[in-house]
Amino acid sequence: MSFNARITTVKQKLGELNLDGMYVTNLTNVRYLTGFTGSAGSLLILEDEQHFFTDGRYIEQSKSQVHDCRIHIVGSAHYQAIKKKKILPKQIKLGIESNFVSIGMYDQIKDTLPDVMWKKLDDIIGVIAAVKDEHEIESLKTAIEITDTVFSEIIPDLKIGATEKNIAAKISYLFKMHGAEGDSYESIIGSGYLGALPHARPTDKEFAKGDFVVMDFGALYNGYHADMTRTVVIGSATDKHREIYDIVLNSQLAGIKAAKAGITGAELDAVCRDVITSFGYGEQFIHSTGHGLGLEVHTYPRISAFNNQPLLENYVITIEPGIYLADWGGVRIEDDCWIQKDCCIPLNKSTKELLILN
C-alpha cells in the first residue's frame, strides 16, 4: 500500500480538471490519502508537495502515521494556518469537496483565502478509492470473516423470547472478541412486524413464533467495513414465509450472477428488481440494491437506478435486495461482493438457506 501513489492518482485527476491542487477536509478521504486515523485533520495537495494539518492532540500520532507530507500542528481552523504560513501562491486554482464542506465553512475559507480560485468538486477521491488495492481487499476479507463467524455463534441465541437489543449487544461483544475494532454500524435487528423497517433499530421486543428476524450487521477491521444481512424465521415457517424468502434469495442470486466489471449500477439494480417485480412485490422493494464498501459502510458506487456508471474491477459492493410488508415483516439477504473482470466473488460464507430456529 502506498499513500503517495494514491495522492499521485488524485493529482492526475486534478490535472485533468485544470486545477493546481485540492484542499481535503473529509476525514475518510484524509485517512485514505495519508493513513491518519485521528478525529481532526485536513490535507492540502499541491503540485509539488502536500501539507497535513492537525492539532496538538495528534503530534505523535501524525508523526507515526503521516508520511510524504509536511505536518503542521495548528488550531482548529486549518485554513487560517494556510494563510498565516503563506503556503499558497496568488491566483492558484484549488478544488474543494463540495459534498463535505458546509456553506458556512466554505464562506469562511473563501474569506480567509480570497486569492484562491476555488472549484467545487464532487467526491473524486471517493470514486478513486472505490477501486481497492490488495491491502484493502485483505482488510475487507478479514472484516467479513469475523462477521461470518459471529453469525454462526449467535444462531443458538436466536429463539423465542430473545430480545433485539440483547442480540445486538452480543454481536458487538463477539466482534471484539474475534479481533474486530467493533461494529461497522449499529446492528439492525428487526423481528416480526419491525422487520418491515429496512433500518430498524433494536428494541426490547421479544422474538415470537412466526417472526422473520432481519439481521443486518458487520465487523469493522483495520478501518474497513463489512456489511451482511441474513433473515431467519423463529419457531416455524409458513408457505408465505417460504415464498417471500425464496423470491428475495432468487433476486440476490441473480444479482450475484450478473455482477461484473462493465455492468452499470442501474443495470445491476434492474436485474435484482425485475425478479421481485415479476412476482408482484416490486413496490415492496423500497431501497436500492446495494452500495460500495470501504473506509465507510456506504461508499461509491451506488447500485441503484440512478447510477449509469460501469462497475470496475476490484470494486467491493453489497448486493442486498429485500421485500418489506407492513405490519407483517420483511426479508433482506446481503453479501459483500468483489467485482472481477468477468464475474463477482461473494466474500460472505454464511449460509443463505432459510433457517428455522426454535
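Coordinates for the structure precede this section.
This is a predicted model, so every value here is computed, not measured.

Let us now look at the packing of aromatic side chains. Evaluated as defined, the whole model comprises 6 aromatic pairs. For the ring pair Phe 36 and Tyr 58, a centre distance of 5.3 Å and an interplane angle of 85° mean the geometry is edge-to-face. One end of the pair, Phe 36, is in the loop between α2 (27-34) and β2 (42-46); the other, Tyr 58, is in the loop between β3 (50-54) and α3 (59-65), and 22 residues separate them in sequence. By the burial criterion, Phe 36 is buried, and Tyr 58 matches it. Counting every residue linked through ring pairs, the aromatic cluster contains Phe 36, Phe 52 and Tyr 58. If you follow Lys 240 out to its NZ or CZ, it ends over the ring of Trp 328, 4.5 Å from the centre.

Remember that side chains alternate between the two faces of the sheet whenever the strand is regular. Summarising burial for strand β5 (residues 93-97): 4 of the 5 residues are buried, a large majority. Sheet topology note: the strand β1 (residues 21-24)/β5 ladder contains 3 bridges and is parallel. Bridge assignment links Gly 21 to a residue of β5, and that residue is Leu 94. Here β5 pairs with strand β6 (residues 117-121) via 5 bridges, running parallel. The residue bridging Ile 96 from the neighbouring strand is Lys 120, located in β6.

With that settled, consider the packing of helix α7 (residues 134-154) against helix α8 (residues 164-177). Across the interface, α7 lies against α8 with an axial gap of 10 Å and an inter-helix angle of 135°. As the angle between them shows, α7 and α8 are arranged oblique. Between α7 and α8 the crossing geometry is right-handed. Here Ile 146, Thr 147, Val 150, Glu 153 and Ile 154 of α7 lie close against α8, whose contacting residues are Ile 167, Lys 170, Ile 171, Leu 174 and Phe 175. Looking at the contact of α7 with α8 residue by residue, the classes come out as 7 nonpolar, 1 polar and 2 charged.

Read from one edge to the other, the open sheet built from 3 strands follows the order β7-β10-β11, with strand pairing classed as antiparallel. Two strands lie at the open edges of the sheet, namely β7 (182-183) and β11 (224-225), each paired on one side alone.

Once that is clear, we can look at the pattern of salt bridges. Scanning all chains against the criterion turns up 15 salt bridges. Asp 157 is the partner of Lys 170 in a salt bridge, and the nearest nitrogen-oxygen pair spans 3.0 Å. Residue Lys 170 is found in helix α8, and its partner Asp 157 is found in the loop between α7 and α8; the two are separated by 13 residues along the sequence. Residue Asp 157 is classed as partly exposed on the basis of its relative accessible area of 22%. Among the charged side chains, a network of salt bridges with common partners joins Arg 6, Asp 133 and Glu 136.

The next thing to look at is helix α10 (residues 265-278). With 14 residues, α10 ought to run about 20 Å at 1.5 Å a step, and its terminal C-alpha atoms sit 20 Å apart, in line with that. Taken together, the buried positions of α10 are Gly 265, Ala 266, Leu 268, Asp 269, Cys 272, Val 275 and Ile 276. Buried positions along α10 lie against α9 (239-258), β14 (299-303), β15 (316-319) and β16 (322-325). A positive phi of about 90° marks Gly 280, the residue just after α10.

Mapping His 225 onto the fold places it in strand β11. Assessed through its relative accessible area of 9%, His 225 is described here as buried. Within the structure, His 225 has its side chain in polar contact with the backbone oxygen of Gly 223 (distance 3.4 Å). Separated by 3.4 Å, the side chain of His 225 and the backbone oxygen of Leu 295 make a polar contact. Ignoring sequence-local partners within four residues, the contact set of His 225 consists of Leu 140, Ser 184, Ala 219, Leu 220, Leu 293, Gly 294, Leu 295, Glu 296 and Val 297.

Mapped onto the elements, Gln 252 comes out in helix α9. Among the residues examined, Gln 252 registers a relative accessible area of 0% and is labelled buried. The residues touching Gln 252, leaving out its near neighbours within four places in the chain, are Ile 319, Pro 321, Ile 333, Glu 334, Asp 335 and Lys 352.

Here we take up the nonpolar core. In globular proteins that are soluble, nonpolar side chains generally tend to be buried together. Of all hydrophobic cores here, the largest spans 35 residues; its most connected members are Val 10, Met 22, Val 24, Leu 33 and Ile 125. If you list the elements that add at least two residues to this core, you get α1 (3-16), β1, α2, β2, α6 (124-129) and α7. Once residues lying within four places of it in the same chain are set aside, the contact partners of Met 22 are Val 10, Leu 14, Leu 43, Leu 44, Ile 45, Leu 94, Gly 95, Glu 97, Leu 121, Ile 124 and Ile 125.

Counted as a void, the largest pocket has a volume near 520 Å³. The wall of the largest pocket is formed by 22 residues, among which Thr 9, Ile 124, Gly 126, Val 127 and Ile 128 lie closest to the centre. Looking at the lining of the largest pocket, the elements with two or more residues in it are α1, β6 and α6. Residue composition of the lining of the largest pocket, by class: 10 nonpolar, 4 polar and 8 charged.

Criteria and cut-off values
- Residues numbered from 1 in each chain as written.
- Predicted model: local features only at pLDDT ≥ 70, side-chain atom pairs only at ≥ 80, totals over all residues.
- Heavy atoms only, no water.
- Phe/Tyr/Trp six-rings, centres within 6.5 Å; stacked < 30°, edge-to-face > 60°.
- Helix = DSSP H or I, 4+ residues; strand = E, 2+ residues; numbered from the N terminus.
- Buried < 20%, exposed > 50% of the residue type's maximum accessible area, 1.4 Å probe, protein only.
- Lys NZ or Arg CZ within 6 Å of the ring centre and 35° of its normal.
- Pairing = 2+ DSSP bridges.
- Axes fitted to C-alpha atoms, helices over the stretch in contact; angles between N-to-C directions.
- Parallel < 35°, antiparallel > 145°, perpendicular 65-115°, else oblique.
- Left-handed = near helix turned anticlockwise from the far one by under 90°.
- Contact = heavy atoms within 4.5 Å.
- Nonpolar A, V, L, I, M, F, W, Y, C, P; charged D, E, K, R; others polar.
- Salt bridge = Lys/Arg side-chain N within 4 Å of Asp/Glu carboxyl O.
- Expected span 1.5 Å × (residues − 1).
- Polar contact = N/O pair within 3.5 Å; in protein donor to acceptor, adjacent residues only side chain to side chain.
- Core = buried A, V, L, I, M, F, W, Y, C linked by side-chain atoms within 4.5 Å.
- 1 Å grid on protein atoms, 1.4 Å probe; cavity = no way out; pocket = protein on both sides within 12 Å on 5 of 7 lines; lining within 4 Å.
- Points joined across faces, edges and corners; volume = space filled by probe spheres on them.

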